[in-house]
Amino acid sequence: MGAGIMEPTASVTDESTTRAHLDRLNDAYRSLLIGACPSQSAADVALLISSAVRGLLTDHKPRSPGICNGSWVDVTCLSLTLLQRITSNLTSRSLSSPVTWYCEDILTLSFRRQALMSHIIDLFQNEDQVVSHLAAKAVSACVFHQLHQSGTFSPVWLQKYVQVFSCSHHGPELDSCLWSLTEVLKRLLKGPHHADILGELLAAFDTSLSALCSKFLPEERTAGAQCLMEATSTAGLLMDLLEVLTASSLIGGAGVCLRSQRITIIHSSALLTTVSCSPQYFVKKRALLLLKRAVLQKAGEDWASAAVLSTGLRYENFHSDMNMLAHGVLTVVAAGWLQTVQVKSASYFGGTKRIGGEEDHKPDCVMLRAASLLLLKSMELHIQAARATAGVDGASEVNGYLQRLWGFLRRCSVQLTEVTHPCCWVSLLFGDQDDDMIEAAKALFSIFLHHRRCSELGDHSVLEEACACGSNPHCHFLLLLQTISFDHSILLDFLISTETCFLEYFVRYLKYLRGDWQGFVAACKTISSHNSPLSLQHSGPGAGNMLKVTCKGGSDQVVVSSSVHPTGGILQVGTINLVGYDSSDQSDPENMEVSEEEPGPSVCERNGCRAVDVKQEIRGPPIPRRPKQCFSAVSEPNSPLQRRQDGPAVVQIEQPSPCPTMSGQLGCETSARAVLCMSQLREVVTRLHAKKLFPYNPCSLIQLLAQVDNYF
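Residues numbered from 1 in each chain as written. Predicted model: local features only at pLDDT ≥ 70, side-chain atom pairs only at ≥ 80, totals over all residues. Heavy atoms only, no water.

**With respect to the overall build of the chain**
Across its full length, the chain carries 28 helices and seven strands. Among the 712 residues that make up the chain, the fraction classed as buried is 54%. Once local pairs closer than 6 in sequence are excluded, the contacts in the chain between residues at least 24 apart make up 72%. Surface summary for the chain: the accessible area is close to 30200 Å², and the carbon and sulfur share equals 51%. (Helix = DSSP H or I, 4+ residues; strand = E, 2+ residues; numbered from the N terminus. Buried < 20%, exposed > 50% of the residue type's maximum accessible area, 1.4 Å probe, protein only. Contact = heavy atoms within 4.5 Å. Areas by Shrake-Rupley, 256 points an atom, 1.4 Å probe, with all protein chains shown as cover.)

See below:
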């Protein structure tokens, strides 16, 4: 042992001894920060860390305000931070060989000879929250390093955690164990090669985690459940762990899923009860977001590796579990659950803003979006599971759920109360969240098709009824285009994005549009009559292929101009930056092509809508060209846009007598913008595909877009 290192005794509180420990730990920490070996031996540093941890267990002298003020608690905090730094550096392999051997010696001496793991876990019970949290971080780093290096984990760590989970008493120890295990699982999910290790770790905790959640999330409310609802920190940590467990179920492949990975589904009714009954708004919100991500199959999307979560393979009983979750949601909604969901004012940094005036009426849109998507996606899953259901009762049931949702939104939002056209609520609520907006539109499209199949009404009556309950797909698509100012470059971004399911939604809608053009024209007039005249302009420095639309309600003419730049670059639309692939200088054509024979169950499940053959999703004969009804003269030399290298291209579209009324005129203008937007999209996708810069085969998508042009 190194000279001057003392085992913890009754004199550990002596100021000179404490200062000596701090100086030695500081020297070791600063040396490792610059990538050098400390002046002390590895054995000395290991004994310093062990002495600090054990000394605090025998002497709980409180920490005074300030940093490194000489108390033994500060020594312990620094030793735990040093231990975390050592293990993190070893895991990242960022050290030179001599420093790596030095750090490995410290860990070997600390955990094999000093049995440090058990003592650090005992610090979870410390009343000082800083000490407790630093101990949890150190344990997480050490466990992950061992898993990363050897694929094994400490039996002492496993035994201690299982014991804590079995006791199920909320408090600092349980909170630290929940946070620490969640952190380890998250780090495993972030890596693409940890599936086997993750499975072994979850199997070891399966029984204890299932028992823990059964106590805190029972089917019926008990004293234990009420305690969890009141313990905000424990409840939040448990929700975090449940999301990690749910995310882990998405990467296990087609095998059997552990019970602990299905806890969110199994205890979904208890989570729904938590949303409506918990006295803590944070707990309500966290539980609702967990259910939303579970039903959307997006658990862990904020931190997990996209390559890990997008395998497309699901465990054996996945679909039955999703149907069970959807059935549970629909059951409670039918019983009035939405009336019990509390929605407070919008939250800001520092808490909920309550100043007065109009701000007081702004609802928490995160809650509104989560509740809406939870119900809509549950309806979609329920419809997919019962496609054979038909008859008036099915249509009435669908309308009933949508009317409940519409009533919930009107009750919670002043802005939505003023909406005269129910279909507008999707764009108003989801306008600033692209992924959620597309999910809502896709779910509502499935709901509409089911309603049309079950209803005995004609096409026109079905669309009118759909507008009454806010589910007309034509309205949703047009409102989506209005939200992005009819800019085809944003649609292009959606098509190549990994963050939305726009490809699947867009293809399904275009296929439907082929057979219901009159419904589309009617929706254009409806949307125009409910909106004030538009003046939408997008321009910016360095922008390429910018769309500039000016619509004046009292004029007979729509002028659409597009500034064309031959080189690629960044397309700036408002605050959205899109990459322009006009040249291959800024894009890599490698790994962007996909075989047309790639199998897969659906568009979205194949690599998250990134690498699919759209041809498999499009069927049906081409639609014959029909006379253009709204426009008598269109300047179109070679393309939907008249392109000129020496200036902006201008398309002038005149409106003659077929649209005599103001609403009819605006309807024709709306349809003109929509068709022009899709025509521009077809052109740019065709150009990218010709240069082999598009990430999947878009030939059939181009064909569908061309059919829209022909129909118009």
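That shown, we press on.
**Notes on the packing of aromatic side chains**
Under the definition given, this model contains 19 aromatic pairs. By the ring-pair criterion, three or more aromatic residues cluster together here, those being Phe445, Phe448, Phe477, Phe494, Phe502, Tyr505, Phe506, Tyr509 and Tyr512. (Phe/Tyr/Trp six-rings, centres within 6.5 Å; stacked < 30°, edge-to-face > 60°.)

**Comments concerning helix H16 (residues 318–334)**
With 17 residues, H16 ought to run about 24 Å at 1.5 Å a step, and its terminal C-alpha atoms sit 24 Å apart, in line with that. The complete set of buried residues in H16 reads Phe318, Asp321, Met322, Leu325, Ala326, Val329, Leu330 and Val333. Within two residues after H16, glycine 336 carries a phi angle of roughly 100 degrees, on the positive side. (Expected span 1.5 Å × (residues − 1).)

**Some details on the nonpolar core**
Counting residues in hydrophobic clusters, the biggest one holds 198 residues, and the most contacted among them are Trp157, Tyr161, Phe165, Phe408, Trp425 and Leu495. Dropping the residues within four chain positions of it, phenylalanine 408 is found in contact with Leu338, Val341, Val343, Leu368 and Ala371. (Core = buried A, V, L, I, M, F, W, Y, C linked by side-chain atoms within 4.5 Å.)

**A look at the packing of helix H13 (residues 268–277) against helix H14 (residues 281–295)**
To characterise two packed helices, one gives the angle between the axes of the helices and the distance between these axes. Running from N to C, H13 and H14 point in directions that differ by 145 degrees, and their axes come no closer than 8 Å. In the packing of H13 onto H14, the handedness of the crossing is left-handed. Across the interface between the two elements, Ser268, Leu271, Leu272, Thr274, Val275, Ser276 and Cys277 of H13 pack against Val283, Lys284, Ala287, Leu288, Leu290 and Leu291 of H14. Class assignment of the residues belonging to the contact of H13 with H14 gives a composition of nine nonpolar, three polar and one charged. (Axes fitted to C-alpha atoms, helices over the stretch in contact; angles between N-to-C directions. Left-handed = near helix turned anticlockwise from the far one by under 90°. Nonpolar A, V, L, I, M, F, W, Y, C, P; charged D, E, K, R; others polar.)

**Some points on the side chain of serine 276**
Looking at the element boundaries, serine 276 is found in helix H13. A residue is classified by how much of its surface remains accessible, and serine 276, at 18% relative accessible area, is buried. Discounting chain neighbours no more than four positions away, the residues touching serine 276 are Lys284, Trp337 and Thr340.

**A short note on the environment of histidine 488**
Checked against the element boundaries, histidine 488 lands in helix H24 (residues 488–496). Histidine 488 gets classed as buried once you look at its relative accessible area, which sits at 5%.

**What to know about the pattern of salt bridges**
Per the stated rule, a full pass over the model turns up 13 salt bridges. In this structure, glutamate 380 and lysine 377 form a salt bridge, with 3.1 Å as the shortest nitrogen-oxygen distance. Within this pair, glutamate 380 and its partner lysine 377 are both found in helix H17 (residues 365–385), separated by three residues, close to a single helical turn. Each member of the pair, glutamate 380 as well as lysine 377, carries the same accessibility label: buried. Taken together, the salt bridges that share partners define one network made up of Asp240, Glu243, Arg286, Arg293 and Asp302. (Salt bridge = Lys/Arg side-chain N within 4 Å of Asp/Glu carboxyl O.)

**What to know about H24**
Within H24, seven of the nine residues are buried, which leaves the element mostly enclosed by the surrounding structure. Those residues of H24 that fall on the buried side of the exposure criterion are His488, Ser489, Ile490, Leu491, Leu492, Phe494 and Leu495.

**Quick notes on the packing of H14 against H17**
Between H14 and H17, the shortest axis-to-axis distance is 9 Å and the interhelical angle comes to 35 degrees. Handedness of the crossing formed by H14 with H17: left-handed. Taking contact as the criterion, the partners of Tyr281, Lys285, Leu288, Leu289, Leu291, Lys292 and Val295 in H14 are, on H17, Val366, Met367, Ala370, Ala371, Leu373, Leu374, Lys377, Ser378 and Leu381. A per-class count over the contact of H14 with H17 returns 12 nonpolar, one polar and three charged.

**Focus on unusual backbone geometry**
A positive phi angle is found at phenylalanine 486, which is not glycine, with a value near 55 degrees. Looking at the secondary structure, you find phenylalanine 486 in the loop between helix H23 (473–483) and H24. Classification of phenylalanine 486 by relative accessible area gives buried; the value is 1%. The residue lysine 692 is not glycine, and still its phi comes out positive at about 60 degrees. Secondary-structure assignment places lysine 692 in the loop between helix H27 (662–690) and helix H28 (699–711). Residue classification places lysine 692 among the exposed residues on the basis of a relative accessible area of 52%.

**What to know about the confidence of the model for the chain**
Averaged over every residue, the pLDDT of the chain is 75; residues scoring 70 or more account for 69%. The lowest-confidence element of the chain is strand E5 (residues 569–573), averaging 31 in pLDDT; the highest-confidence one is helix H12 (residues 263–266), averaging 94. This model gives residues 59–70 a pLDDT under 50, and the stretch forms 21 contacts once residues within four places in sequence are excluded. Overall, residues 532–664 carries pLDDT values under 50, and its contacts beyond four positions in sequence, including any with other chains, amount to 274 contacts. (pLDDT = per-residue confidence, 0-100.)

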